[in-house]
Structure formats: C-alpha cells, structure tokens
Amino acid sequence: MYDPKSLKAEEFINHEEILETLDYAEKNKHNRELIEEILDKARPRRTSKGIECAGLSHREASVLLACDIPEMTEKMYSLAREIKQAFYGNRIVMFAPLYLSNYCVNKCVYCPYHYQNKSIPRKKLTQEEVAREVVALQDMGHKRLAIEAGEDPVNNPIEYILECINTIYSIKHKNGAIRRVNVNIAATTVENYRKLKEAGIGTYILFQETYHKKSYETLHPAGPKHNYAYHTEAMDRAMDGGIDDVGLGVLFGLELYKYEFAGLLMHAEHLEAVHGVGPHTISVPRVKHADDIDPDVFDNSIDDETFAKIIACIRIAVPYTGMIISTRENETCRDKVLSLGISQISGGSRTSVGGYAGYAPDERPHDTEQFDVSDQRSLDEVVKWLMDLGYIPSFCTACYREGRTGDRFMSLCKTGQIQNCCHPNALMTLKEYLEDYASPETKAVGEKLIAEELKKIPNEKARKLAAEYIESIHLGRRDFRF
Ligand code: SAM
C-alpha cells in the first residue's frame, strides 16, 4: 500500500501508485484545463514573508511531463524559468568531483567499476595523493568538492573515507581551501552517516539509479547494492544520523523516464513527510560510454528535448531543491538546461582516480575513468562562458558553514532574503576566484559583472557591506560571508 510516511521502501516508492500515476498522466495529458490549473498552483506568489511556491505532487507533475502540446511545454519552460529566477537568480554554484578509489564489490551493469571488469586498473589514492589532488583543485579555484568512491569494505572502509575528508579540509594552499565536501558513497549504516556528519560533510549524495525494483535488481545483480530496500531507505538512515542535506538522483537511460520521474518526486515527498525537509539537491545524470560499458545497450535513453522537459518539470515540482548537472553533458545541452532549473554545475572535472595532479589542463588520463566527460573545458573557460551567458558563477559555501542546512536553508529561500544573502556571497566568492585564479580575459568580464550585479542587492546596508568586502578581497583578505 502506498504511504509516503512509511519507512519501507516499497510503501513510499510504491509500484502500483507509480503505475496509477502514469495512467492518470496519460489520460490527462491533453486536458488543458487541468494543466492550466496545475501550472497556476505552482506559480510563485508574493506573501507578507517573501516569495512562496506551492510545488506539485508527483501526480500533478507527471501530468505536465506527459503533456505533449507544444504551447503548454512553452508555458512549463517559462514557469520553470520564473521559479528558477525567484529562488536562484542568475547564480550557478560551481563544484568538482574527486574520485578517491575505484575498488568496488558491486556488479552495477552500467558502471565500469563493477568488480568483474578486469580491463580497468584499480586505484585508491593515498593521503599524499589526496593532498596533491586537492592542491591541484585549489589551484584551479575550486572550493566545493563531491568525493566519489566505489563500495568496498576492505579497500574503502568508512575510516578511509573519513581520513580523506580530514585531509581535504586540512589543505590550505596559497589562498585556497576546500570549504565544503559533499559525499557520494554507497548506502551505509546510521552509525557511519553519523561519522560523516561529524567529519563535517555538506550534502550526502546517493543516486537511486532506478526506482523500478525489478529493474534495479537486474541492473545490480550482485554485491551489497543489490538490496533495493537498503539502498532506497539510505536517505532515511542518513537523516537519522544527523545529515540534514541529502541529494537524490536517478541515472536516466536505465528505465522509462516517466516512471523514474514519478519515483523521484515520491522520494522527495517521503523525505518531507517523515523528516520535515525535502532533498537539498537532485542530480540528473544520463548513462555514458565508459570502459566496458556501451550506453546503447540500455534502450531507455532520452533525447535532449525530453531531458530539458524533465528538468523543467522537476524545477516546477520541487522549487526549493537545488539541481545539479555534471560534465556528462556537453556545452550545448548545459546551456539549454541552465535557465530551466539547474543551480549547480561541475567544471574542469576529471572522473578518474588521481586525474587532476600532474596533468596539463588539456591532458586527460582515461585509464581509471568512470565515464567519458562531454564538457572538457577548463574551469576558467566554464566560468567565463557562464558570465558571457549572464550567470554569476558562485563558489559560495556559506549556508552550510553558517549552519543554514535542512529546513533552515529552505526558510532562507522562502523569506526572500536570498537576494541579500546568496547574491552578495556569490559575488564575493567570484571576486576571490578572479583575484586568485582567473585568466586576464575572464577577470575582465568578471569585474564588470560584479560591478553591475552589486547594484542589484536590494538592502542598502547589505549592498554597502558587500562592496566593502569586495574591496577588501582585492586588497588580499579572504572568506567573507553573509
Ligand atoms: N559507489 C557509490 C554508489 O554506488 O552509489 C558511489 C557512486 S558512483 C562513484 C557515482 C554515480 O555514477 C553512480 O551512482 C551512477 O549513477 C553513476 N554512473 C555509473 N556509471 C555511469 C555511466 N556509465 N555513465 C554515467 N554515470 C554513471
């Protein structure tokens, strides 16, 4: 039986409820009146406290996704842009993945790290190597990382992950520092989540891969990840372990996207119902070519247009949840989806273990790579590109460091203080980037952008203070935040 408050995977991600949702969506996909009603419900509204959005249920959002009337799709895109603008403005948060180890005991059929792949060299970074990678990432200008590892209790136990987090936070190279470490490791115990929390992690990210239980079990034929319930209930354990910010995602291409979309939103509804706060982020990876992996064997791949629509519909349904896109996607695709809802992107990424230190910007080790990177530009190129498109690349990590996690972050969104808080923080961290790492061309574009964007901080006091901090950054001081 479907129950969003249940702690059992099969009850909060209920197969029958998804099938009924898809049926309802199919029957109503040309019901203009209902679609207009749904769009209207999701529209941002000004209240005495600020701007609020009601969001949508998985059923309502599934109707939007199923609708194929071009004029309605345009309306969805325009609403998605409006919501994005209301809560995220033109800021895009930057991050990079850091692969620690590709040892893995699972057999995920889409992942080159599966234990039966004998052609991929196995590698695990030593603490000295982690330090070298972090220096290389800091030299690029990164402040926020997502650490990645295969699941292997012998080679990558939780103690190893904790040691790496410690090393990452300890490296202060020139003006650099990693100020937020997000963690993407396999589902684990409440006790281990508590240890991650104590180590000061930002978001705990775990992709569901697919919400379809049967397919899940076929796609993960062996290893601890085979257990659907243990994997699906991981975010509840993470929250029980004290982690407020969790990141959901499905790997698009494995199953029917409409099924995944409904499952993803049901998962978000479940977290809200049980823990009082929805997911901090949603990622939207698509299956890519990799060593021993041919993406064409998965016959549920989605085209760029469908991909864009999924992103717009997620934006409308869960307006306060950040959305992440990785370098799995190329420049053209990233350009399209940025305005529709994406709030975080990676730049200059390497998906191999030890892929940063000792390599020139255009040099790319492929031996231990997890998947082919489509956007191969350097961080500086991505930063300049974003600014040319009118976005503010942000290296901000302030919320997490100020304890604005979980529902405290959501209330910042709702009270409309974002423009007096996130906007100056984005500009100040961009200024740090320009001073310490940018090429002369990027710096020139960035300085102009900062001058223009400073004027848009609504509160006079905040505007003045931000201008003073930016001048101080120019004079050599670092790490201001609102
Ligand atoms: N081992 C952990 C786990 O199982 O959740 C950490 C995650 S893994 C390092 C990061 C993610 O990469 C996976 O969750 C999966 O969605 C994605 N991934 C794996 N193979 C991929 C491929 N061929 N193309 C695109 N993404 C892939």
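Residues numbered from 1 in each chain as written. Predicted model: local features only at pLDDT ≥ 70, side-chain atom pairs only at ≥ 80, totals over all residues. Heavy atoms only, no water.

Student: Summarise helix α6 (residues 127–140); cite the residues concerned and give the values.
Tutor: What sets the pattern is the α-helix's 3.6 residues per turn: residues three or four places apart point alike. Helix length check: α6, at 14 residues, gives a terminal C-alpha distance of 20 Å against a target of 20 Å (1.5 Å per residue), a fit within 8%. For α6, the set of buried residues is Gln-127, Val-130, Ala-131, Glu-133, Val-134, Ala-136, Leu-137 and Gln-138. As for α6, its buried residues are in contact with β3 (91–101), β4 (144–149) and α7 (158–170). (Helix = DSSP H or I, 4+ residues; strand = E, 2+ residues; numbered from the N terminus. Expected span 1.5 Å × (residues − 1). Buried < 20%, exposed > 50% of the residue type's maximum accessible area, 1.4 Å probe, protein only. Contact = heavy atoms within 4.5 Å.)

Student: Give me the lowdown on the pattern of salt bridges, citing residues and values where you can.
Tutor: A full pass over the atoms with the stated rule returns 31 salt bridges. We note a salt bridge from Lys-213 to Glu-217, for which the minimum N-O separation is 3.9 Å. Taken together, the residues Lys-213 and Glu-217, both in helix α9 (residues 213–219) and four residues apart, mark about one turn of the helix. When its relative accessible area of 30% is taken as the criterion, Lys-213 is described as partly exposed. One salt-bridge network, in which partners are shared between bridges, spans Arg-179, Arg-401, Glu-402, Glu-432, Asp-479 and Arg-481. (Salt bridge = Lys/Arg side-chain N within 4 Å of Asp/Glu carboxyl O.)

Student: Tell me what's going on with the site of the ligand, and back it up with residues and numbers.
Tutor: Near the ligand lie 19 residues; those nearest to it are Tyr-110, Glu-209, Lys-225, Lys-288 and Arg-328. Residue Tyr-110 places a main-chain N or O atom 2.9 Å away from a nitrogen atom belonging to the ligand. Taking Arg-328, its side chain carries an N or O atom lying 3.0 Å from a nitrogen atom of the ligand. For the ligand, whose unbound accessible area comes to 570 Å², protein coverage reaches 97%. In terms of residue class, the shell around the ligand is made up of ten nonpolar, three polar and six charged. (Near = heavy atom within 4 Å. Polar contact = N/O pair within 3.5 Å; in protein donor to acceptor, adjacent residues only side chain to side chain. Areas by Shrake-Rupley, 256 points an atom, 1.4 Å probe, with all protein chains shown as cover. Nonpolar A, V, L, I, M, F, W, Y, C, P; charged D, E, K, R; others polar.)

Student: Can you lay out the environment of Asp-240 for me, pointing to particular residues and giving the numbers?
Tutor: Along the chain, the position of Asp-240 falls in helix α11 (residues 234–240). For Asp-240, a relative accessible area of 49% puts it in the partly exposed group. Those residues in contact with Asp-240 that lie beyond four places of it in its chain are Val-190, Arg-194 and His-275.

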